[in-house]
Amino acid sequence: MAKMCVAIAAVLAVAALLQTSAAQTVHVVGDGLGWLVPPGGKIAYETWADMQTFVVGDVLVFDFTTGEQDVARVTKEAFGSCNSTSPIFLDTTGPFNYTLDAAGEYYFIGTMDTHCYLGQKLAINVSASAGPTPSPQAPTPTPPRGPRTYTVGDDLGWLVPPGGPIAYETWAYKKTFLVGDVLVFNFKNETQDVAVVTEAAYGTCNTTNTIAVYTTSPVKYNLIAAGEYFFTSTYSRHCIFGQKLAINVTASSSATPPSSTTTPTPSGSSAPSPTAGGPSAPIPESSAPARAVLGFSSTLLLIALAFVH
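Summarised in this report is the structure supplied together with it. Remember, it's a predicted structure, so these values are computed and weren't measured experimentally.

### Describing helix α2 (residues 43-50)
Taken together, the buried positions of α2 are occupied by Ala44, Tyr45, Thr47, Trp48 and Ala49. Contact partners of the buried residues in α2: β1 (26-28), β2 (54-55), β3 (59-62), β8 (121-127) and α4 (166-172).

Below, the structure written as structure tokens:
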């Protein structure tokens, strides 16, 4: 009987271990941006959260410099008004790990100065389990619209952004670019420029062979054809540090974005057009640790069963 109890306890321990290992995912808030006042405002963390799935047992990592930032969990009302007077908890030492131990909504802000008002805030919804993947639904057609003018980076302008390439990725996220729209690049002359490049050059930050280079601000770039466009700067290391933008342009507001096309070459340039393709979604973390735990747990289970016999 004693042997049976030991075996049952071992099996339960294995089951709990498997459940924990399968459920837990570590989310570094903002990825490479970290936890700070984001360029472009609160959309940075809204964008990041939209690309995640949070499940009970997951861990949030707030990566920040102690003394320069902090993180507080607050109520929904405090989150909306950036009121940090009575937080649920406050941590001032970075990096800080927070385990999501229950399903529901979580709200986090930075309490220093005007950090929350400037966008250092995160709201997420945590599910009890990952659940089945919903079936994809056909997109709802949007009514036609006229040409729009987009100022790249908005108030940030066109420069080496704080926090790296996520600044312009965030700016472009959820924007719909149509043929006829105009991009405006605002920068300080002789300190920045705008280079139109191929997808390969964009990925490697190689600006030795550009499609076109514009050196006088503001640059107004007309999106004259559907396809993928890639922009960066020829100044030393600017691209590597995040001064780069990739967008996809569709023919009309009701059209489905093309999966393969080319970017038009600006007039006066004989360089080849970029090939299709653009920044992809972050690759999911490897499941190797979970497989390792599974192997170890299976061994433990076999030992427990053998012990009974």
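Next, the rest of the story.
### As for the state of the cysteines
Taken as a whole, this structure holds 2 disulfides when the rule is applied. One disulfide bridge connects cysteine 205 with cysteine 239, the sulfur atoms lying 2.1 Å from each other. Taking the sign of the S-S torsion, -70 degrees for the link of cysteine 205 and cysteine 239, the bridge is left-handed. Remark: cysteine 239 occurs in the loop between β15 (227-232) and β16 (244-250) and cysteine 205 occurs in the loop between α5 (199-204) and β13 (212-214); sequence separation between them is 34 residues. Exposure class is identical for cysteine 205 and cysteine 239. Each is buried. Disulfide connectivity for the protein chain, with bonded cysteines indexed by sequence position, reads 1-2, 3-4.

### Points about the sheet that holds strand β5 (residues 89-91)
As summarised here, the arrangement of the 5 strands in space is β2-β8-β7-β4-β5, forming an open sheet in which the pairing is mixed. Of all strands in the sheet, those bounded by a partner on one side alone are β2 and β5. In this structure, strand β7 (residues 104-109) lies alongside β8, joined through 6 bridges in antiparallel fashion. Each residue of the ladder has a partner; that of isoleucine 109, found in β8, is lysine 121. Seen against the sheet, α2 touches β2 and β8 and runs at an angle of roughly 15 degrees to β8.

### A few points about a nonpolar patch on the surface
Together, Val160, Ile240 and Phe241 line one region of the surface with nonpolar side chains, adding up to about 260 Å² of accessible area. Examined against the element boundaries, phenylalanine 241 turns out to sit in the loop between β15 and β16. Taking relative accessible area as the criterion, phenylalanine 241 reaches 43% and is therefore assigned partly exposed.

### Considering the pairing of β3
Residues Val59 and Val61 of β3 are buried on one face, and the alternating residues Leu60 and Phe62, pointing to the opposite face, are buried as well. The sheet contact formed by β1 and β3 spans 3 bridges and is parallel. By the bridge assignment for β3, valine 28 is matched with valine 61. For β3 and strand β6 (residues 96-99), the ladder comprises 4 bridges, and the chain directions are antiparallel. Each residue of the ladder has a partner; that of leucine 60, found in β6, is tyrosine 98.

### Some details on the pairing of strand β11 (residues 182-185)
Across the two faces of β11 the burial is the same, with Val182 and Val184 and Leu183 and Phe185 all buried. Inspection of the sheet shows strand β9 (residues 149-151) paired to β11 by 3 bridges, in the parallel sense. Note on β11: the bridge partner recorded for tyrosine 150 is leucine 183.

### Overview of the side chain of histidine 115
Its place among the elements puts histidine 115 in the loop between β7 and β8. Reaching out from histidine 115, the side chain makes a polar contact with the side chain of glutamine 69 at a distance of 3.1 Å. Aside from chain neighbours lying at most four places away, what touches histidine 115 is Val37, Glu68, Gln69, Gly110 and Gln120.

What counts, and at which threshold
Residues numbered from 1 in each chain as written. Predicted model: local features only at pLDDT ≥ 70, side-chain atom pairs only at ≥ 80, totals over all residues. Heavy atoms only, no water. Buried < 20%, exposed > 50% of the residue type's maximum accessible area, 1.4 Å probe, protein only. Helix = DSSP H or I, 4+ residues; strand = E, 2+ residues; numbered from the N terminus. Contact = heavy atoms within 4.5 Å. Disulfide = S-S within 2.5 Å. Pairing = 2+ DSSP bridges. Axes fitted to C-alpha atoms, helices over the stretch in contact; angles between N-to-C directions. Patch = residues over 30% accessible without salt bridge, like charges linked within 9 Å, V, L, I, M, F, W, Y side chains within 5 Å. Areas by Shrake-Rupley, 256 points an atom, 1.4 Å probe, with all protein chains shown as cover. Salt bridge = Lys/Arg side-chain N within 4 Å of Asp/Glu carboxyl O. Polar contact = N/O pair within 3.5 Å; in protein donor to acceptor, adjacent residues only side chain to side chain.

None of this, on its own, says anything about what the molecule does.
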